[in-house]
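Residue-level structural notes
Residues per chain are reported as follows:
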Amino acid sequence: MTNTLLTISNLDISLPEGSERSLAVENLCVDLAPGETLCIVGESGSGKSLTARALMGLLPAPHVRVSKGSINFCGEDLIQASERRLREIRGSEISMIFQEPMTALNPVMTIGTQIDEIFRYHVAMPAKERRQRAIQLLEDVQLPDPEKIVSAYPHELSGGQRQRAMIAMALSLEPKIIIADEPTTALDVTTQAQILKLISDMQALHKTGVLFITHDFGVVADIADRVAVMQNGRVVETGSVDEVLNRPEHDYTKKLISSVPSLIPRPPRTRSADVVLAVQNVQKTFGDGKSFFGFGKPNRVVHAVKNVSLELCRGETLGVVGESGSGKSTLARCIIRLLENDSGKIMLDGINLCDLNRKEMRPWRAKIQMIFQDPYASLNPRVKVGQIIAQGPMIQGANKKEAEARTRELLEIVGLDERAFNRYPHEFSGGQRQRIGIARALALDPEILVADEPVSALDVSIQAQILKLLDEIRERMNLSMVFITHDLRVAAQVCDRLAVMRYGEIVETGVTGQIFNAPQHSYTRDLLAAVPGQKWDR
Amino acid sequence: MNSFWNRFSRNKSAVLGLFILGLVVFMASIAGLIYPDDPFLYSRFPLSGPGVNGFLLGSDSIGRDVASGIAHGAKTSLLIGLIATLAAVFIGVIFGAFAGYYGGLVDDVLMRITEVFQTIPSFVFAILLVAIMKPSIESVVIAITVVSWPAVARLVRGEFLALKNREFVQACHTLGMGDVRIMMAEILPNCLSPIIVIGSLMVATAILIESGLAFLGLGDPNVMSWGFQISDGRSMLRVAWWICTFPGIAILITVLAINLVGEGLNDALNPRLRERN
């Protein structure tokens, strides 16, 4: 590496006193060459985002600051640089793409004005020319109808379009380095594939160095030249993408890589013919509410679930896969009767659950339980863990003693210490909280579990543990499961059968292996093609 | 609890406020011991200045002890403030909880009712209510309650709206839990912090309204209060400044102390604002 753009040496970032560890980033040494993509991979809390912020001089000072080391950017130490110089560098020489384009863009300014700001601040140029440049940039990032998008507000664009606009802004002054902090994490897989391609195209064109921060090994496999793996603030391994992914040296890297679910579906299990749950022609629309006095136009109507029929057999796991907005979560909430469906039947043991009112529904609640996505939102922060798990059986008529005994048993089944009983949820990590959520669902001895993205908020190594736990309890309790996910890797490892959803409709159902190897519908093919890191898998 | 105190005590002015408030409460509770006589008892020495004729803070036009009035008045002010606030929080929580939780028609009806109360300027409304009912401690408490619950209702409704779709509430639905239990045992504890904060600030407002009413002659004529003292001394401000001034200072300090405590509670209970400085 003769000409390096950026050399970070011995960087320490210190955290305020009383934090979990004293240094967020410890002794970090990486470098970046022009036209190269360096991926920093790590789980949450590994310090990867703070590293990116340190480069931009955007650490939340004075609590978090660089305490040691240097960041050498083309012969200039950014840590010693004045605030004025840093402002010049930001945007023009180093620019950043953030994870959540909706919050990174200013909602009350048009896209054009926000791009314009960069030019206005950094270069002297007449207004007309600036506008021309902005349109040109939007065209470069392949946004449709750039003339129109220039005067659009962020909320008028889709997530992918917003991220393209962010990239246009980042590229506007042809920076030497782009820092991308999880730029595709909030996007669907098909959009993610497009954005990743766009970033690498732009990079090839402008010889930009890209520092790409991600937690997703699939993405790493697709775009990285070199990889740095971070754990608890330290880089544990660096090397070329081939070395790190295929011949990992460090134990932590090995563990992370082995936790990534494989895209090759696991062998099918024998299927029982006994149907436990049948969803028949379920429809659900949102937003036909009228105002108080009946004035005004009715709101826009969204058909979230259109005429969906599914069958779940005893002991099987049925995956419902689809991108955001496909209606898969709405379907799950209709099945569990959190939402009233407009029409259609949900048959459980020969009874149509839709006909039952709240009181009649109560005994049936025990048979069908849900595991929620967000382990931080799904547990009441003011209620003790033991109470959270025990209240289900108590509502269903168990006495306090029985419920408590059952709770302690369940805590053990999900792999938690019995002492968890008297603690509050905030004392637990994300993975442990998800275990508590699972224990709560199991407390009623359900026949069916509906799991709505149960692992998508978790780090990859925790995700593997939770999937394993779900597998164990499914075997042990002979549970049938509806597993909602957007992640085809997870689906490949968990589900016996898959239903692919788009725009509220099921476009294809079939045995997992069959769908992966011979997808029938064009949308399924698109989805499968968009999964990152395929060449690495095979 | 310990960490709560740590966060609260980080705000020095809040600790000062709590200290002053403690002194006022202490003064109210020992008023009967240091001034065992009726504060309405008049003496032979009208219009004595502070320190003259054995009056610590002077006496008024018919020789009543201003200091005794302040001590006894503290009890009135604090009690009225506290009771009115508790009543207002109670009504507000029920209205807000039902409106926020059920939404739709229930929300529309309850909120339109709340708005009717909010459209009338609160002090004018309080005067009107007391004038209709006949001035007494009860009517003052009722008036203050009626004008202050809508703020609580709106706050609680907002919190319930935000919390009712959270996953932990949905999880309770899937367990088959009843609505009232979800509202009171699951959602309400999660919005206690803002309720405590608004409640503490409402005590201060209630004390001000009570003083204002008493000043206009709408207080209970048989109960000593700070507003009554000020109203009584108003006409003699030029000859006997102390009659108005000391009860005025008492109101100022108490309201200020309660506001400081409220601010401190806000900082300590609201994690999002904690790192404000």
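Residues numbered from 1 in each chain as written. Chains lettered and ligands numbered in written order. Predicted model: local features only at pLDDT ≥ 70, side-chain atom pairs only at ≥ 80, totals over all residues. Heavy atoms only, no water.

Summing up its helical and strand segments, chain B has twelve helices and zero strands in all. The secondary structure elements of chain B, listed N-terminal to C-terminal, are α-α-α-α-α-α-α-α-α-α-α-α. Over its C-alpha atoms, taken along the principal directions, chain B stretches across nearly 75 × 45 × 30 Å. Considering only residue pairs separated by 6 or more positions, chain B has 70% of its internal contacts joining residues 24 or more positions apart. (Helix = DSSP H or I, 4+ residues; strand = E, 2+ residues; numbered from the N terminus. Contact = heavy atoms within 4.5 Å.)

Time to look at unusual backbone geometry. If you check the backbone angles, Gln-142 of chain A has positive phi at about 60 degrees while not being a glycine. Within the secondary structure layout, Gln-142 of chain A lies in the loop between helix 5 (127–140) and helix 6 (146–150).

Before going further, it helps to examine the interface of chain A and chain B. Residue-level contacts link 27 residues of chain A with 23 residues of chain B. Regarding the contact of chain A and chain B, the summed buried area is about 2200 Å², with carbon and sulfur atoms giving 51% of it. Put simply, chain A and chain B have two salt bridges between them. Between Arg-333 of chain A and Glu-167 of chain B there is a salt bridge whose closest N-O contact spans 4.0 Å. One can count 14 residue pairs in polar contact (both at pLDDT 80 or more) joining chain A with chain B. Within the residue set of the side of chain A that touches chain B, elements represented by two or more residues are helix 13 (358–365), strand 16 (368–371) and helix 14 (385–395) of chain A. With four residues, the single largest contributor to the side of chain A that touches chain B is helix 14 of chain A. Class assignment of the residues belonging to the side of chain A that touches chain B gives a composition of eleven nonpolar, nine polar and seven charged. (Buried area = accessible area lost by both parts, 1.4 Å probe. Salt bridge = Lys/Arg side-chain N within 4 Å of Asp/Glu carboxyl O. Polar contact = N/O pair within 3.5 Å; in protein donor to acceptor, adjacent residues only side chain to side chain. Nonpolar A, V, L, I, M, F, W, Y, C, P; charged D, E, K, R; others polar.)

Bringing helix 17 (residues 460–477) of chain A into the picture now. Residue and element names in this part refer to chain A. If you check helix 17, its first and last C-alpha atoms are 26 Å apart, about what 18 residues at 1.5 Å a residue would give, namely 26 Å. Every buried residue of helix 17 is listed here: Val-460, Ser-461, Gln-463, Ile-466, Leu-467, Leu-469, Leu-470, Ile-473 and Arg-474. At the C-terminal side of helix 17, Asn-478 shows a positive phi close to 50 degrees. (Expected span 1.5 Å × (residues − 1). Buried < 20%, exposed > 50% of the residue type's maximum accessible area, 1.4 Å probe, protein only.)

All names here are of chain A. Counting through the fold element by element, Arg-408 comes out in helix 15 (residues 400–413). A relative accessible area of 30% places Arg-408 in the partly exposed class. Considered as a pair, Arg-408 and Ala-390 are 18 residues apart in the sequence and their alpha carbons are 9.2 Å apart. Those residues in contact with Arg-408 that sit more than four places away from it in its chain are Glu-418 and Phe-421. Of note is the side chain of Arg-408, whose polar atom sits 3.2 Å from the side chain of Glu-418.

Residue and element names in this part refer to chain B. For Ser-211, the position within the fold is in helix 10 (residues 192–215). By relative accessible area, Ser-211 is classed as buried at 7%. Excluding anything up to four places from it in sequence, Ser-211 contacts Gly-227 and Ile-251.

Residue and element names in this part refer to chain A. Bridge count for strand 1 (residues 6–14) against strand 2 (residues 23–32) is six bridges, and the pairing is antiparallel. Each residue of the ladder has a partner; that of Ile-8, found in strand 2, is Val-30. In this structure, strand 1 lies alongside strand 4 (residues 65–73), joined through seven bridges in antiparallel fashion. Paired with Leu-6 across the two strands is Phe-73, which belongs to strand 4. (Pairing = 2+ DSSP bridges.)

Let's shift gears to a nonpolar patch on the surface. Residue and element names in this part refer to chain B. Residues Phe-90, Ile-91, Ile-94, Phe-98, Tyr-102 and Val-106 make up a contiguous nonpolar surface patch of roughly 490 Å² in combined accessible area. When residues of the nonpolar patch are assigned to their parent elements, the largest contribution, five residues, is made by helix 4 (residues 66–102). Relative to the helices and strands, Phe-98 resides in helix 4. Overall, Phe-98 belongs to the partly exposed group, its relative accessible area being 30%. (Patch = residues over 30% accessible without salt bridge, like charges linked within 9 Å, V, L, I, M, F, W, Y side chains within 5 Å. Areas by Shrake-Rupley, 256 points an atom, 1.4 Å probe, with all protein chains shown as cover.)

Residues and elements named next belong to chain A. Here Glu-418 is to be found in the loop between helix 15 and helix 16 (430–442). For the pair Glu-418 and Gly-386, spaced 32 residues apart in sequence, the C-alpha to C-alpha distance is 9.3 Å. For Glu-418, the contacting residues outside a window of four places in its chain are Arg-408 and Leu-411.

Residue and element names in this part refer to chain A. Strand order in the open sheet formed by six strands is 16-17-18-13-19-20, and the pairing between neighbours is mixed. Across the chains shown, the open sheet's two edge strands, defined by having one partner strand only, are strand 16 and strand 20 (505–511). Between one strand axis and the next, the sheet turns through 20 degrees on average, direction left out of account. With four bridges connecting them, strand 13 (residues 317–321) and strand 19 (residues 497–502) associate as parallel partners. Pairing of Leu-318 across the sheet is with Arg-497, part of strand 19. The sheet contacts of helix 20 (residues 522–530) involve strand 19 and strand 20, and relative to strand 19 the element is tilted by about 100 degrees. (Axes fitted to C-alpha atoms, helices over the stretch in contact; angles between N-to-C directions.)

Another point: helix 7 (residues 137–163) of chain B. Across its 27 residues, helix 7 of chain B extends 38 Å between first and last C-alpha, which sits within 8% of the 39 Å expected from 1.5 Å per residue. At Ser-148 of chain B, helix 7 of chain B shows its strongest bend, of approximately 35 degrees, with the proline Pro-150 of chain B following within four residues. (Bend = angle between axes of the 7 residues up to and from the residue.)

Structurally, the position occupied by Thr-512 of chain A is in helix 19 (residues 512–517). Aside from chain neighbours lying at most four places away, what touches Thr-512 of chain A is Pro-265, Ala-491, Ala-492, Cys-495, Asp-496, Arg-497 and Leu-498 of chain A.

This paragraph deals with the pairing of strand 16 of chain A. All names here are of chain A. Both faces of strand 16 are covered, namely the face carrying Ile-368 and Met-370 and the face carrying Gln-369 and Ile-371. Here four bridges tie strand 16 to strand 17 (residues 448–452), and the two strands are oriented parallel to one another. In the sheet register, Gln-369 faces strand 17, and the bridge partner there is Leu-449.

Residue and element names in this part refer to chain B. In the contact formed by helix 4 and helix 5 (residues 104–119), the axes pass within 7 Å of each other and the chain directions differ by 145 degrees. Regarding helix 4 and helix 5, the two cross each other, and that crossing is left-handed. Every residue of helix 5 that contacts helix 4 at Phe-95, Phe-98, Ala-99 and Tyr-102 is listed here: Gly-104, Val-106, Asp-107, Leu-110, Met-111, Ile-113 and Thr-114. For the contact of helix 4 with helix 5, the residue count by class is eight nonpolar, two polar and one charged. (Left-handed = near helix turned anticlockwise from the far one by under 90°.)

Moving on to the pattern of salt bridges. Taken as a whole and judged by the stated rule, the model has 36 salt bridges over all chains. Between Arg-358 of chain A and Asp-179 of chain B there is a salt bridge, with its nearest N and O atoms 2.8 Å apart. Of this pair, Arg-358 of chain A sits in helix 13 while Asp-179 of chain B sits in helix 9 (residues 179–187), which puts the two residues in different chains. Classification of Arg-358 of chain A by relative accessible area gives partly exposed; the value is 44%. Residues joined in a network through salt bridges with shared partners are Glu-76, Arg-85, Glu-88, Glu-93 and Lys-176 of chain A.

Moving on to the sheet that holds strand 2 of chain A. Residues and elements named next belong to chain A. Judged by pairing direction, the sheet is antiparallel, and its four strands sit side by side in the order 2-1-4-5 without closing on themselves. Looking at the sheet topology across the chains shown, the edges are occupied by strand 2 and strand 5 (76–77). As paired elements, strand 4 and strand 5 share two bridges and run antiparallel to each other. Bridge pairing in strand 5 links Asn-72 to Asp-77. The strands that helix 1 (residues 48–55) touches are strand 1, strand 2 and strand 4; relative to strand 1, the one it contacts most, it runs at about 115 degrees.

Residues and elements named next belong to chain B. Mean pLDDT for chain B: 87, with 96% of residues reaching 70 or above. Of the regions scoring below 50 in pLDDT, residues 273–277 engages in eight contacts with residues more than four places distant in sequence or in other chains. Reported for the predicted complex are a pTM of 0.82 and an ipTM of 0.79. (pLDDT = per-residue confidence, 0-100.)

Next up on the list: a negative patch on the surface. All names here are of chain A. Judged by side-chain charge, Glu-139, Asp-140, Asp-145 and Glu-147 come together as a negatively charged surface patch. Assignment of secondary structure puts Glu-139 in helix 5. Residue classification places Glu-139 among the partly exposed positions, given a relative accessible area of 48%. (Lys, Arg positive; Asp, Glu negative; His and termini not counted. Charge placed at Lys NZ, Arg CZ, Asp CG, Glu CD.)

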